[in-house]
Amino acid sequence: MDICLQAMGALAHPKMILLIFGGVTIGLFAGAMPGLTATMALAVLLPFTFTMTPLDGLVALGAVYMGAIYGGSFAAILVNTPGTPSSIATAFEGYPMAKQGRALEAISVATVASAIGGIAGVLFLLFLAPPLALLSIRFGPAEYFWVAMLGLTLIATLSEGSVFKGFLGGTIGIMLGTIGLSPVGGESRFTLGIPVMQGGIEMIVALIGLFVIPELYNMAALGRASLGAVSVADKEKSSFWRVAAKVFSKPGNLIRSCIIGEIIAIMPGAGGNIANLVAYNEAKRASKTPERFGTGTTEGLIASESSNNVTVAGSMVPLLTLGIPGAPPDAVILGVMLLHGLRPGIELFTTSGVLTYAFIFSMGLAAIAMVPVGLLGGRLIYRVIFRTPHFFLVPTIGLATIVGTFALRNSLSDVMIMLILGTTGYLLKQIGIASAPIVLGLILGTIAEVGYVQAILGGAAYRFPWFRLFENPLSWILIAMVVVSAAWPFLLALKRRMWSAEKVNKGGAK
């Protein structure tokens, strides 16, 4: 208790408050820009922490991290462009709300849900770090393979109308993930003899191309109509207290999404990229009106934003206890810790307890700071986008997209790949193949491949090496979840047909 009080006292200094609000603001605008990911924002700011004290540096980076994950929702809501992979599911509901003239309401809902998720992640980290760390080390290659399989079953939910087209999109994404050097053996695959293709297709490049470019084509074709009308009633619906009451009106959705986000956060390499999609899928399953998802319902938006912000502090569980970065941005934070002589583990909570708990509490304060910063910043970005003529907006977003893509690896090849994928994505969308399954296949395909190959290599001593995939009880649980998740859409469709037939029969009997 004394350590916690000392940690809170260290954060009470005005300099710390300024660092938290400044970091959240920087992160918010970095996350809102396509291509400027949380990892990139932290990497750019890393040199500035060299002259700071350990606590100042960690607090600043933690605030930027929290703000960047949240900031990805702005572009997702306003122009259907997830600023970060963690905001893919946010675009499914946020953009339809914006087109209905409810953009401010969507931003406010995302802000409140993100703040709640951020605070929940900190609470998980404070009270459940040791047992969750033990759970995280039980995930081996076989478990990662089944987690990826579970994620791929979400394609049936993300498919727009046709499950076949959804799985076709997922297959395209998996195939894109095989381009370049094999992640395990190092063999060169499907590069067409082009040396730059050995680096594969960067996930952020694909995300920008498949989400941003089709929307720019759409905006260029439809003009102002593509952004939807601005509703006069939107300001009233977006009032903070009204939105907060709406978010808290369904606590089951919040609690479920936060738990999903935390479970996925402790698995190194998964993070918000998967958490927001899984939480969105489970919210759709649990909803009494699943048919409304994709048309601008706040349930899906709350699930996505609360779950992906839980992963910020949640991914610190394996980092602070085991020294294993739960997500790419955590690797930057680990570097700062090691630079200042801080070693993850039990000693971090004993010999450096005040610093550690101050860092954890600062992330909770950063989540709270997102509310005023997000509401003000959201309205500013909203006014800029909706008051800028589309003939200025399209080239401006296009230029920012190209610059952001080039900045990822300083590669013009990435820009070309992004434009090709974007044009292809736009054409595929015209025949009903959405971008979301393609991106999901790209993200999860690599995880599944690495898990499968490593599991088979680990089972080389067995007569049947693939038995390694079914060896542990945790794998059995995940397999059961995969089966249920894959069968659920078909069972739901069968139930609806039976219900419709029963309704017709009752009508005929009358």
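Higher on the page you've got the structure.
Residues numbered from 1 in each chain as written. Predicted model: local features only at pLDDT ≥ 70, side-chain atom pairs only at ≥ 80, totals over all residues. Heavy atoms only, no water.

Q: In this structure, what is going on with the nonpolar core? I would like to understand it.
A: Grouped together as the largest cluster of nonpolar side chains are 142 residues, with contacts concentrated most on Tyr 65, Met 316 and Ile 333. Per-element tally for this core: the top contributor is helix H4 (residues 54–79), with 17 residues. With residues up to four places along the chain from it excluded, the contact list for Tyr 65 reads Ala 38, Leu 42, Thr 311, Val 312, Ser 315, Met 316, Ala 327, Pro 329, Asp 330 and Ile 333. (Core = buried A, V, L, I, M, F, W, Y, C linked by side-chain atoms within 4.5 Å. Buried < 20%, exposed > 50% of the residue type's maximum accessible area, 1.4 Å probe, protein only. Helix = DSSP H or I, 4+ residues; strand = E, 2+ residues; numbered from the N terminus. Contact = heavy atoms within 4.5 Å.)

Q: I would appreciate a short explanation of helix H5 (residues 88–99) in the present structure.
A: When the terminal C-alpha atoms of H5 are compared, their 17 Å separation across twelve residues agrees well with the 16 Å that a helix rising 1.5 Å per residue should span. Within H5, eleven of the twelve residues are buried, leaving the element largely enclosed by the surrounding structure. Considered for burial, the residues of H5 that qualify are Ile 88, Ala 89, Thr 90, Ala 91, Phe 92, Glu 93, Gly 94, Tyr 95, Pro 96, Met 97 and Ala 98. One or two residues past the end of H5 sits Gly 101, with phi positive at roughly 85 degrees. (Expected span 1.5 Å × (residues − 1).)

Q: Sorry if this is basic, but what is going on with helix H9 (residues 163–177) here?
A: Each α-helix turn comprises 3.6 residues. Residues three or four places apart therefore point the same way. Its 15 residues give H9 an end-to-end C-alpha distance of 21 Å, which sits within 8% of 21 Å, the value for a rise of 1.5 Å per residue. Of all the positions in H9, only Gly 166, Gly 169, Gly 170, Gly 173, Leu 176 and Gly 177 are classed as buried. Projection of H9 onto a plane perpendicular to its axis shows the buried side chains occupying an angular sector of 115 degrees, all on one side. Of the exposed residues in H9, the ones pointing more than 90 degrees away from its buried face are Phe 164 and Met 175. (Arc of directions from axis to C-beta.)

Q: Looking at this structure, I do not really get the side chain of Ser 114. What am I missing?
A: Here Ser 114 lies in helix H6 (residues 103–136). Among the polar contacts made by the side chain of Ser 114, one reaches the main-chain carbonyl oxygen of Ala 110 at a distance of 2.6 Å. Here Ser 114 is in contact with Tyr 70, Glu 305, Asn 309 and Met 370, once residues within four sequence places are set aside. (Polar contact = N/O pair within 3.5 Å; in protein donor to acceptor, adjacent residues only side chain to side chain.)

Q: Would you explain unusual backbone geometry in this entry?
A: Most of the time, phi is negative for any residue but glycine, and the peptide bond is trans. Its identity is not glycine, yet Phe 190 carries a phi of approximately 50 degrees, on the positive side. Along the chain, the position of Phe 190 falls in the loop between strand E2 (188–189) and helix H10 (203–222).

Q: What exactly am I supposed to notice about the pattern of salt bridges here?
A: Where charged atoms from two side chains of opposite charge come close, those side chains can pair. Under the definition given, this model contains seven salt bridges. Notably, a salt bridge pairs Arg 102 with Glu 105, separated by 3.0 Å at the nearest N-O pair. The residues Arg 102 and Glu 105 share a single accessibility class, namely buried. Salt-bridge contacts for Glu 449 lead to Arg 189; the nearest nitrogen and oxygen are separated by 2.5 Å. Residue Glu 449 is located in helix H22 (residues 435–458), and its partner Arg 189 is located in strand E2; the two are separated by 260 residues in the primary sequence. We note that Glu 449, like Arg 189, is buried. (Salt bridge = Lys/Arg side-chain N within 4 Å of Asp/Glu carboxyl O.)

Any functional reading would require information beyond the geometric quantities listed.
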